[in-house]
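# A look at the structure
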Amino acid sequence: MQPHCTTGNIVGRVGCILDYDGHFLDVAINYLLFFVNLAVCVLALRLHTKDVVKSNKLRSYALGSIIFVVVFQIGLCLVVGCMGISIVWCAMGGWIISERRRLQESRDEELNRLRENSLAIERFVVVLNVIALLYYAVKLEALTTVAHVCALVLGAILSVISIKLFDEVETPVQIEATTPSTPLVDNKDEQ
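Here we summarise the structure given alongside this text. Bear in mind that the values here come from a model prediction, so they are computed numbers and not experimental data. (Residues numbered from 1 in each chain as written. Predicted model: local features only at pLDDT ≥ 70, side-chain atom pairs only at ≥ 80, totals over all residues. Heavy atoms only, no water.)

Here the focus is the state of the cysteines. Scanning the model with the defined rule gives 1 disulfide in all. Disulfide pairing places Cys77 opposite Cys82 at an S-S distance of 2.4 Å. Across the disulfide from Cys77 to Cys82, rotation about the S-S bond amounts to roughly -95 degrees, and the bridge is consequently left-handed. (Disulfide = S-S within 2.5 Å.)

Encoded structure:
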């Protein structure tokens with residue numbers, strides 16, 4: 001794809017970036033992947049933590065992450081003349097892969113039951129992402145593939161940050177040495 005979104009006012013350029021300059025197949029592929037990845041991310045967020053306060057903070061973090069990636073994608077395209085939203089769905093794909101690993105390593109029984117259902121859906125979405133990435137690796141220049149891989153890594157990093165910030169930490173049980181409040185030996189004989 002040649003950079004066609006480099007001239008005109010900012011609104012027209014952003015519109016051109018977001019609609020792939022009218023390339024219907026690219027619009028269909030990328031927006032389908034955007035919404036499918038977004039749906040899986042929302043499902044995974046529900047499995048992330050049981051704590052309501054942490055869950056609300058996590059949702060805010062996730063929304064902020066998506067906004068950051070969207071703004072990054074548009075800014076990148078304005079600067080280098082690219083078009084599209086593939087960085088966004090790739091970042092979500094990286095987040096999904098990282099979340100899959102977290103869910104697979106979980107010891108929480110309730111989470112494991114829910115995980116069985118979500119892993120099949122996530123696996124399907126990851127396969128769709130890989131097919132699209134291979135298609136674009138063949139169709140577009142190598143720099144686009146590098147950008148897609150970097151976006152996958154960015155998504156995984158955002159997931160790891162969320163895990164560090166919002167997962168319940170399993171603390172080992174510590175046994176404290178205590179002194180009994182009552183004597184172990186009955187001292188009635190001394191009285």
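Right, let's talk about the nonpolar core for a bit. Ranked by internal contacts, the top residues of the largest apolar core, which has 34 residues, are Val69, Trp89, Trp95 and Ile96. Among the elements of the structure, helix H1 (10-18), helix H2 (24-46), helix H3 (52-80), helix H4 (86-104), helix H5 (109-139) and helix H6 (142-166) are those that each provide at least two residues to this core. Once you skip the residues sitting within four places of it in the chain, Val69 turns out to touch Ile87, Val88, Ala91, Leu154 and Leu158. (Core = buried A, V, L, I, M, F, W, Y, C linked by side-chain atoms within 4.5 Å. Buried < 20%, exposed > 50% of the residue type's maximum accessible area, 1.4 Å probe, protein only. Helix = DSSP H or I, 4+ residues; strand = E, 2+ residues; numbered from the N terminus. Contact = heavy atoms within 4.5 Å.)

Moving on to the side chain of Asn30. Among the structural elements, Asn30 can be located in helix H2. A polar atom in the side chain of Asn30 sits 3.1 Å from the side chain of Tyr20. Sequence-distant contacts of Asn30, that is, excluding residues within four places in its chain, are made with Tyr20, Ile85, Ser86, Trp89 and Tyr136. (Polar contact = N/O pair within 3.5 Å; in protein donor to acceptor, adjacent residues only side chain to side chain.)

Applying the stated criterion across every chain, the model contains 1 salt bridge. For the salt bridge of Asp26 with Lys139, the shortest nitrogen-to-oxygen distance reads 3.2 Å. Pair noted here: Asp26 is in helix H2 and Lys139 is in helix H5, with a separation of 113 residues, a long-range link. Residue Asp26 is classed as buried on the basis of its relative accessible area of 1%. (Salt bridge = Lys/Arg side-chain N within 4 Å of Asp/Glu carboxyl O.)

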